[in-house]
Structures are given as C-alpha cells and as structure tokens.
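# Survey of secondary and tertiary structure
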Amino acid sequence: MTTFQIEQTPDRPAVSAGPPLKFVLSSVQSDSHMWNLVALQLIMEEMGHEVVNLGACVPVERLLTACRDERPDCLVLSTVNGHGHVDGARVISALRADAVLAGLPAVIGGKLGVHGDANSALEAELLALGFDAVFHVGAGDSGQAIESFREFVAANIRTLR
C-alpha cells in the first residue's frame with residue numbers, strides 16, 4: 001500500500017503564488033477507493049488551491065457535468081484499482097469530444113494497469129489520447145508521482161489559469 005506524507009520544506013512551499021486554482025478531483029468509474037482522493041485533496045488544499053472532490057465511482061457523464069458546472073482550471077483523476085488506463089481513456093475521449101470542455105487541462109495518476117512497472121508504457125497512450133500529464137505510480141514509488149504532480153502544477157500555473 002502506498003502512503004503519502006504531506007510536508008512543507010523550504011524548497012517546496014505548500015502555498016502557491018498568486019490566486020488559487022480550482023480543481024475537479026475524481027476517480028475513474030470502476031475505482032471505489034476514496035483514500036487517494038482525500039490525500040490528493042489535502043495536498044492541493046495545502047498548496048493553496050480549491051478542490052471539488054466528486055468522490056469515487058463517478059460515471060463519465062457526471063464528471064463532464066461537474067466540469068461544465070464548476071469551470072475548473074484542471075481535472076485531476078486518480079486511480080488505484082489498476083484499470084486507470086481503460087477508464088481514463090474513456091474520460092479523456094469524452095472530455096476532448098465535448099465542445100465546451102475540449103481545452104480543459106486534465107491529468108491522471110495512480111495505478112494505471114495491472115502489470116507492475118510495465119504499466120509505464122501506458123503513459124504514452126494516455127498522453128496521445130489527450131491527457132496533459134500522466135503520473136504513473138510504480139511498484140517502488142515512494143511519493144514520486146505526488147512530487148511530479150506538484151511540479152506540474154507549479155510549472156503550469158499560469159497556463160492553467
């Protein structure tokens with residue numbers, strides 16, 4: 001089981017510069033895990049951002065409706081059940097096909113497949129489908145995916161607004 005530690009260090013401030021971003025956070029439809037969403041929500045809130053956490057097992061149409069209603073700066077999907085690449089492909093295809101949401105930045109992270117570190121090949125597939133970033137959690141991951149997510153937000157904060 002992966003655990004996340006939330007900590008502040010001088011080289012990694014917890015609060016963002018400028019106005020907060022708004023994130024819609026969800027799992028994929030087949031993923032019933034909630035702990036990852038709570039951890040991510042806390043991390044993003046500690047970074048100074050607003051989070052609309054839709055919870056687990058969210059159908060694609062409900063996710064799209066929430067994005068239309070909330071008008072977030074970014075959609076964040078998290079998965080731990082190993083089917084992230086399948087369900088994530090459905091979400092990003094629907095998002096990119098929607099005239100209102102086609103340009104919404106979207107990222108996915110977690111356990112993308114059931115083949116251990118070989119799942120890293122799924123990253124290219126998900127990027128090609130339209131995700132702006134993919135944060136694969138491998139077998140030996142010790143928080144690198146979370147750190148990469150923090151770096152993505154920091155590096156893209158101007159374009160996400």
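In the annotation of an unreviewed UniProt entry, the entry for the protein reads Cobalamin-dependent protein, and the organism field reads Amycolatopsis iheyensis.

So, about the overall build of the protein. Looking only at helices and strands, the protein has 5 helices and 5 strands in total. Beginning at the N terminus, the succession of helices and strands in the protein can be written as β-α-β-α-β-α-β-α-β-α. A sequence separation of at least 24 residues applies to 74% of the contacts in the protein between residues at least 6 apart. Within the structure as shown, the protein displays about 7,800 Å² of accessible surface, and the carbon and sulfur contribution to it stands at 54%.

For the rest of this paragraph, the subject is the packing of helix α2 (residues 60-70) against helix α3 (residues 84-97). The contact between α2 and α3 brings their axes to 10 Å, and the two run at 45°. Relative to α3, the element α2 is oriented oblique. In this structure, α2 meets α3 at a crossing whose hand is right-handed. Contact with α2, carried on its side by V60, L63 and L64, involves R90, V91, A94 and L95 of α3 and no other residues of that element. Counted by class, the contact of α2 with α3 contains 6 nonpolar, no polar and 1 charged residues.

Next up on the list: the sheet that holds strand β2 (residues 50-53). Taken together, the 5 strands give an open sheet; going across it, the order is β2-β1-β3-β4-β5, and neighbouring strands pair in parallel fashion. Each having just a single partner strand, β2 and β5 (133-136) make up the two edges of the open sheet. Sheet twist, expressed as the mean angle between neighbouring strand axes with direction ignored, is 20°. The pairing of strand β3 (residues 74-79) with strand β4 (residues 106-110) spans 5 bridges and is classified as parallel. Across the sheet, residue L77 finds its bridge partner in β4, namely I108. This element, helix α5 (residues 144-160), spans β1 (22-26), β3, β4 and β5 of the sheet and lies at about 170° to β5.

With that settled, the discussion passes to the packing of aromatic side chains. Overall, the coordinates contain 3 aromatic pairs when judged by the stated rule. Relative to F149, the ring of F135 lies with its centre 5.8 Å away and its plane at 90°, an arrangement referred to as edge-to-face. In this pair, F135 sits in strand β5 while F149 sits in helix α5, placing the two residues 14 residues apart along the sequence. An aromatic cluster is present here, built from F23, F135, F149 and F152 joined pairwise through their rings.

Procedures and definitions
Residues numbered from 1 in each chain as written. Predicted model: local features only at pLDDT ≥ 70, side-chain atom pairs only at ≥ 80, totals over all residues. Heavy atoms only, no water. Helix = DSSP H or I, 4+ residues; strand = E, 2+ residues; numbered from the N terminus. Contact = heavy atoms within 4.5 Å. Areas by Shrake-Rupley, 256 points an atom, 1.4 Å probe, with all protein chains shown as cover. Axes fitted to C-alpha atoms, helices over the stretch in contact; angles between N-to-C directions. Parallel < 35°, antiparallel > 145°, perpendicular 65-115°, else oblique. Left-handed = near helix turned anticlockwise from the far one by under 90°. Nonpolar A, V, L, I, M, F, W, Y, C, P; charged D, E, K, R; others polar. Pairing = 2+ DSSP bridges. Phe/Tyr/Trp six-rings, centres within 6.5 Å; stacked < 30°, edge-to-face > 60°.

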